[in-house]
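# Examining the three-dimensional arrangement
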Amino acid sequence: MARAPKPDDQIFQLRMARSAPDLWPMLEAIYGDHPGYDAFCADLKDALSAAWKDRPSDLKLLDLQRDLEPDWFQRANMAGYVFYLDRFAGNLTGVLEKLDYLQELGITYVHFMPCLQPRPGDSDGGYSVMDYRNINPAYGTLDDFKAVSAQLRQRGISLCIDLVLNHTAKEHDWAKRAAQGDRAAQDMYLMFDSRDVPQAYEQTLVEVFPDNAPGNFTHYPDFGKWVWTTFNEHQWDLNWANPQVFLEITKIMLHLANTGVDVLRLDAVAFMWKRLGTRCQSEPEVHMLLQALRACSRIASPAVLHLEEAIVSPQEMLPYLGRGKHDGREGNLAYHNSLMVQFWSALATRDTRLMTHVLATHFPDRLTNATYATYIRCHDDIGWAITDEDASALTMSGPAHRSYLSDFYEGGFPGSFAQGVLFQVNEATGDKRISGSFASLAGLEKARNPDEAEAAVQRILMGHALIAAFGGIPLIYMGDELAMLNDYSYLDSPDHAHDSRWVHRPAMDWALAEARHNGETTSSRVYLGVKHILQRRRVTPDLHAGHPTKILQTGRDPIFAVQRQAPTAAILCLFNFSEHWQHLPGGWLRDHGVTRFHDALSDTQVHLHDDQLALPPFARVWLT
Ligand code: GLC
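Residues numbered from 1 in each chain as written. Predicted model: local features only at pLDDT ≥ 70, side-chain atom pairs only at ≥ 80, totals over all residues. Heavy atoms only, no water.

Along the backbone of the protein chain there are 22 helices and 25 strands. Here the protein chain has a C-alpha radius of gyration of 24 Å; the compact-globule value for 624 residues is 25 Å, and the two agree. C-alpha atoms of the protein chain, sized along the principal axes, occupy 80 × 65 × 45 Å. Residue pairs at least 24 apart in sequence account for 71% of intrachain contacts in the protein chain once pairs closer than 6 positions are excluded. Total accessible area on the protein chain is roughly 23,200 Å²; 51% of this is exposed by carbon and sulfur atoms. Averaging the locations of the 57 positively and 78 negatively charged side chains of the protein chain gives two centres separated by 5 Å. (Helix = DSSP H or I, 4+ residues; strand = E, 2+ residues; numbered from the N terminus. Rg over C-alpha atoms; globule rule 2.2 N^0.38 Å. Contact = heavy atoms within 4.5 Å. Areas by Shrake-Rupley, 256 points an atom, 1.4 Å probe, with all protein chains shown as cover. Lys, Arg positive; Asp, Glu negative; His and termini not counted. Charge placed at Lys NZ, Arg CZ, Asp CG, Glu CD.)

Let us look at the nonpolar core. Of all hydrophobic cores here, the largest spans 193 residues; its most connected members are F112, W240, Y409 and W622. If you tally residues by element for this core, the top one is helix α19 (residues 450-469), at 12 residues. Core analysis: the second largest hydrophobic core is formed by 16 residues, L552, I559, L613 and V621 among them. (Core = buried A, V, L, I, M, F, W, Y, C linked by side-chain atoms within 4.5 Å. Buried < 20%, exposed > 50% of the residue type's maximum accessible area, 1.4 Å probe, protein only.)

Here we come to the packing of aromatic side chains. Evaluation of the coordinates by the stated rule reveals 44 aromatic pairs. Where W72 meets F73, the ring centres are 5.9 Å apart and the plane angle is 70°; that geometry is what we call edge-to-face. Pairwise contacts between aromatic rings join F343, W344, W384, Y404, F408, Y409, F413, F417, F438 and F577 into one cluster. Across the ring face of W24, the terminal group of K45 is positioned such that the distance to the ring centre comes to 5.3 Å. Here the basic side chain of R66 rests over the ring of W72, its NZ or CZ set 3.6 Å away from the ring centre. (Phe/Tyr/Trp six-rings, centres within 6.5 Å; stacked < 30°, edge-to-face > 60°. Lys NZ or Arg CZ within 6 Å of the ring centre and 35° of its normal.)

This part takes up the domain arrangement of the protein chain. The domain boundaries assigned to the protein chain delineate domain 1 (173-237) and domain 2 (549-623). A straight line from the C-alpha centre of domain 1 to that of domain 2 covers 53 Å. (Domains from an automatic or database assignment.)

A few words now on the packing of α19 against helix α21 (residues 522-538). Viewed as axis vectors pointing N to C, α19 and α21 meet at an angle of 20°, and their least axial separation amounts to 10 Å. It follows that α19 is roughly parallel to α21 by the angle criterion. Judged by the twist between their axes, the crossing of α19 over α21 is right-handed. Where α19 approaches α21, its residues E454, V457, Q458, I460, L461, H464, A465 and A468 are matched on the opposing element by T522, R525, V526, G529, V530, I533 and R537. Of the residues belonging to the contact of α19 with α21, the class tally is eight nonpolar, four polar and three charged. (Axes fitted to C-alpha atoms, helices over the stretch in contact; angles between N-to-C directions. Parallel < 35°, antiparallel > 145°, perpendicular 65-115°, else oblique. Left-handed = near helix turned anticlockwise from the far one by under 90°. Nonpolar A, V, L, I, M, F, W, Y, C, P; charged D, E, K, R; others polar.)

Next up on the list: the pattern of salt bridges. Under the defined criterion, the tally for this structure stands at 39 salt bridges. Between D63 and R55 there is a salt bridge; the shortest N-O distance is 2.8 Å. What you see here is one network of salt bridges that share partners, running through D124, D380, D499, R501 and R505. (Salt bridge = Lys/Arg side-chain N within 4 Å of Asp/Glu carboxyl O.)

In this section: the environment of A545. Along the chain, the position of A545 falls in the loop between α21 and β18 (549-552). Taking relative accessible area as the criterion, A545 reaches 12% and is therefore assigned buried. Separated by 472 residues in the primary sequence, A545 and F73 place their C-alpha atoms 8.4 Å from one another. When residues no more than four places from it in sequence are discounted, the contact partners of A545 are Q74, T371, G471, G472 and R564.

Take P558: it is sitting in the loop between β18 and β19 (559-565). Residue classification places P558 among the buried residues on the basis of a relative accessible area of 13%. Spatially, the C-alpha atom of P558 lies 51 Å from that of P243, the residues being 315 residues apart in sequence. The contact partners of P558, leaving out residues within four places of it in the chain, are R350, T352, F575, N576, F577, S578 and Q582.

The next subject is the sheet that holds strand β5 (residues 158-164). With parallel pairing, the eight strands of this closed barrel are ordered in space as β1-β2-β5-β11-β12-β13-β14-β17. Pairwise comparison of adjacent strand axes, ignoring direction, gives a mean angle of 25° for this sheet. Sheet topology note: the strand β1 (residues 80-83)/strand β2 (residues 109-112) ladder contains four bridges and is parallel. Opposite V82, over in β2, you have H111 as the bridge partner. (Pairing = 2+ DSSP bridges.)

For the ligand, the set of nearby residues contains 13 residues, the closest of which are D124, D267, E309, H379 and D380. Measuring from an oxygen atom of the ligand, one finds a side-chain N or O atom of R265 at 3.0 Å. Here R501 contributes a side-chain N or O atom positioned 3.1 Å from an oxygen atom of the ligand. In isolation the ligand has 300 Å² of accessible area, and contact with the protein removes 94% of it. (Near = heavy atom within 4 Å. Polar contact = N/O pair within 3.5 Å; in protein donor to acceptor, adjacent residues only side chain to side chain.)

Let's shift gears to unusual backbone geometry. Even without being glycine, A268 reaches a positive phi, approximately 55°. Among the structural elements, A268 can be located in the loop between β11 (263-267) and α12 (284-300). On the accessibility criterion, A268 (4% relative accessible area) is buried. Despite not being glycine, T395 has its phi angle at roughly 55°, a positive value.

Turning our eyes to something else, we now look at α21. For α21, built from 17 residues, the straight-helix expectation of 24 Å at 1.5 Å per residue is met to within 8% by its first-to-last C-alpha distance of 24 Å. Buried within α21 are the following residues: S523, S524, V526, Y527, G529, V530, I533, L534, R536 and R537. Those residues of α21 that are buried are in contact with α6 (99-105), α19, β17 (473-477), α20 (510-514), β22 (598-599) and β25 (620-623). (Expected span 1.5 Å × (residues − 1).)

So, on to helix α1 (residues 7-31). Roughly 55° is the biggest bend found in α1, and it falls at S19, with proline P21 one to four residues downstream. Check the buried side of α1 and you find it contacts α2 (37-54), α3 (57-68), α11 (243-257) and α12. (Bend = angle between axes of the 7 residues up to and from the residue.)

Moving on, we get to the sheet that holds strand β7 (residues 191-192). Reading across the sheet, the three strands line up as β7-β9-β8 and stay open at both edges, with antiparallel pairing between neighbours. Edge strands, defined here as strands with exactly one partner in the open sheet, are β7 and β8 (217-220). Sheet analysis places β7 next to strand β9 (residues 225-228), joined by two bridges and oriented antiparallel. If you follow F192 over to β9, its bridge partner there is W226.

Residue placement: A569 occurs in the loop between β19 and β20 (570-576). We classify A569 as partly exposed; its relative accessible area is 36%. For the pair A569 and K325, spaced 244 residues apart in sequence, the C-alpha to C-alpha distance is 32 Å. Excluding its chain neighbours within four sequence positions, the residues that come into contact with A569 are D542 and R564.

Now the structure itself:
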C-alpha cells in the first residue's frame, strides 16, 4: 500500500505551486538559452527542497503564523533599530544584554549591519564579504548567531541582516579560484581579457566612489584580466547572467533564512544587471531576478521578507516594491530614500513645496504586500537624489539646489545650522554627497546657545515623528535616539580615514544611555521624545502601513501634511518645518477629515483660536 504523503511535504508542494508562476517564467526568460538551463532548473528544485527539509520546525511554525498574519510587518507596533554589532554591543552575546534597552525604547525589529565574514582590513563596513556562510569571527560564531536569533524571536523582535548580491570580496573562494585561472569560477564574475569592453561600458557608467575608487573596472596583471568592480577594488561584481550565480546565491539565501533571520536586506541590487550603453542600474532583468529570488524565499522560507536596497531617484525606486507585472511579487520593503532627502531639503529651505510635489507626484498612495523602510539617517551618506525635472517644476535649478544642500549641510552656507562632512565629491558632475549624524546635521553640534540646541532637539523629534507616521517601518539609526554627534575619530583609523561615512558610525555612548531618564540633558530629552513617539505609534493602529498615505497641499510653505486614510477614520499628520509659528484654518482641517481635534501623538485635545490651528516651531501633530 502506498504511504500517504507527509503534511510537511504537502505544505512544500502547495508553496511550490503557489510561487512557481512567479519563479520559472523569470528564469526561463533570463537563462532559457543557456546550454545548462535544464540541469540548472533541476539543481534549483533540489536546493529548494533541501532547504525546506533543513528548516527548523519552529521556523516552519513561524511560516504558518505569517501566512495567517501576512500584514505583520505593516502594523503600527513595528519599529526598527539599525546598528553595527561591535559598535553597539561589542559582539553577538553583548547584544543579548542590550535587548532590554531596545525594548524599553519600543523596538520590534533590529538590523545587524553586515555581520557575515568580511575580508580582512578595509571591508567597506562589512559589505565586502568573503564567506556568506560564516559570521564575522569578531562578532561570534554561527551558533552564537542562532542563539541570538532565537532570543529575539522569543521577545518578538524581528531580525534583519544584509545579503550582498552585487559583489563578493576578492578574497571569496570563488574569486580566489578565478584569480588562479579556474574558468568556471571566472564565469561567476565579469572578467575581460582586454580593455576595450570595459572602456565601451565606461562611456555610460557612473562612478559610485569617484574619490577613492574611480572607474568601474580593475586590471589584475598577475592573471591578465579586467574585473568589473563597481564599488571598491576589493568588491568584485557577480555575473548574474550566469545561472550558477543565481543557484549559489539562492542556496546561501535559504541557508541564512534557516538561521532564523526575518528580513534579508538585499544590498546594492540596482547594479545586478549590466547592459552596454546604459548606466547599468535598475535594468528590467534586475526586477526579474529579484522576483525570482523572492519566489524562492516564498517557497522554502516563507516567513522571510526581502528589503531591497536601491538608493535611486523616485521613479526608479518604486519598481523595487513591485510595479506592473511584478506587483506584489518583488520586495516587501524598500528604503524611502526620497522621503529622507526631502526631509533634509525642506529643513534647510523651511519650504515643503518640493517635498510635497515629489511625494505626491511619484508615489502611489498604497502598495501591494509591501511597504517602505522610512528613515532619516542610516550608515550611508546622503546623496541629493532630486531630479532636474522635479526641481524645475518648482522653478528651481536642479544642480543649484543640490549644490546648495551640500553647502548647507557641510555647514559652510551662511546661516546654516548643520555640521556635516563632504563625501565623494565628483568634480566631473558637480555631485557632492554628505555624511553626518542626525544630531549634527540638525544643528546640535553647532548650537551656541540653549535656543539653538532646543531647535535641534525639535528638528530631531519632528523627523522621528515623520517616519513614524508616514507609512512603513520606521528605522532608527543607532545613537540618533540619544542625539549622538559626529565622531571624528575615524580620521585616525587607516581603514576608515578615506571614508567620511564613518563620522556617523560612532561607538554607542552607553554613559548617555545610562542617563536617559533624567529628562534634562539634550540626549535624554531626545530619547524620551523618540520613545514617546514609538509608544503613541503603537497605540494608533490607524497608522498601519497598509492604509493609504495621501500627501496634501497645505498652501503654507513650511507645513507638510500627510493624511493616513484608515478605513475607520483618517489621521492628518502635520509637520512645521520652520522655527516660526504657523497657522492653518479650521475649515481646511475639517475639509480633510479632522473631526475630533485630538492629537494622537501628544494624546491631548487641540484647541483652535479664531478657528485657526497654531503650530509652534517644528510642531508635529497627528490629528484624528
Ligand atoms: C550599499 C551599502 C553601502 C555599501 C555599498 C556597497 O549601498 O549601504 O554601505 O558601500 O552597498 O556594498
